[in-house]
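For reference, the chains in residue letters:
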Amino acid sequence: MGDGRVTCPQAAHAAARACVQPAFTPARVAAHLPTVLEEAERAVEALEVGSEVDVHAWLSRLAMRIIGRALFGEALDA
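Given the structure is predicted, the values throughout are model-derived calculations rather than measurements. (Residues numbered from 1 in each chain as written. Predicted model: local features only at pLDDT ≥ 70, side-chain atom pairs only at ≥ 80, totals over all residues. Heavy atoms only, no water.)

A look at the overall build of the chain
To be explicit about the condition: Every helix listed is a DSSP run of H or I at least four residues long, and every strand listed is a run of E at least two residues long, numbered separately from the N terminus. Buried residues are those whose accessible area, probed at 1.4 Å on protein chains only, stays under 20% of the maximum for their type, while exposed residues exceed 50% and partly exposed ones sit between those limits. Between two residues, a contact is recorded if the distance between any of their heavy atoms is within 4.5 Å. Surface accessibility follows the Shrake-Rupley procedure with a 1.4 Å probe radius. Residue values consider only the protein chains on display as shielding.
Counting its secondary structure elements, the chain contains four helices and zero strands. Along its sequence from the N terminus, the chain presents helices and strands in the succession α-α-α-α. Taking all 78 residues of the chain together, the buried fraction comes to 14%. Intrachain contacts of the chain at a sequence separation of at least 6 include 26% that bridge at least 24 residues. Surface exposure of the chain reaches about 6300 Å², of which carbon and sulfur atoms provide 63%.

So, in structure tokens, the structure goes:
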């Protein structure tokens, strides 16, 4: 992910955060809750009872689907 907003060094993080902070008001975050819920339910329903799950990979896929739908209106499965 390089030096994106999530992974950048602390010194660069403050300036980067200031740029994106307006997008994270309580109302804007709340507007995405239906998408988060739909994708979380979809991900849980796809699990098979008794199977082993790579939780990191599972959560990463879930996060990418949510981010894709929130930012681009389409899940990012690839």
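Some points on the layout of surface pockets
Filter applied, for reference: A cavity, in this analysis, means grid points on a 1 Å lattice covering only the protein atoms where a 1.4 Å probe fits yet has no way out; a pocket is instead an open set bounded by protein on both sides within 12 Å along at least five of seven lines, and a residue lines either one if it has an atom within 4 Å of a point. Grid points are joined across faces, edges and corners, and a volume is the space filled by probe spheres set on the points. Each residue is assigned to one of three groups, with Ala, Val, Leu, Ile, Met, Phe, Trp, Tyr, Cys and Pro labelled nonpolar, Asp, Glu, Lys and Arg labelled charged, and all others, Gly among them, labelled polar.
As a volume, the second largest pocket reaches approximately 280 Å³. Along its surface, the second largest pocket is lined by 17 residues, and Ala-43, Ala-46, Leu-47, Trp-58 and Arg-61 are the ones closest to its centre. For the lining of the second largest pocket, the secondary structure elements donating two or more residues are helix 3 (33-45) and helix 4 (55-72). Taken together, the residues that form the lining of the second largest pocket break down as nine nonpolar, one polar and seven charged.

Thoughts on the pattern of salt bridges
Convention followed: Between Lys or Arg on one side and Asp or Glu on the other, a salt bridge is scored when a side-chain nitrogen of the former is within 4 Å of a carboxyl oxygen of the latter.
Considering all chains together, one arrives at three salt bridges under this definition. Note that Glu-39 and Arg-65 form a salt bridge whose closest N and O atoms lie 2.6 Å from each other. Of this pair, Glu-39 sits in helix 3 while Arg-65 sits in helix 4, placing them 26 residues apart in sequence. For Arg-65, a relative accessible area of 12% puts it in the buried group. One salt bridge connects Arg-69 with Glu-39, and the closest N-O pair in it is separated by 2.8 Å. Of this pair, Arg-69 sits in helix 4 while Glu-39 is found in helix 3, placing the two residues 30 residues apart along the sequence. The class for Glu-39 is buried, based on a relative accessible area of 3%. Among the charged side chains, a network of salt bridges with common partners joins Glu-38, Glu-39, Arg-65 and Arg-69.

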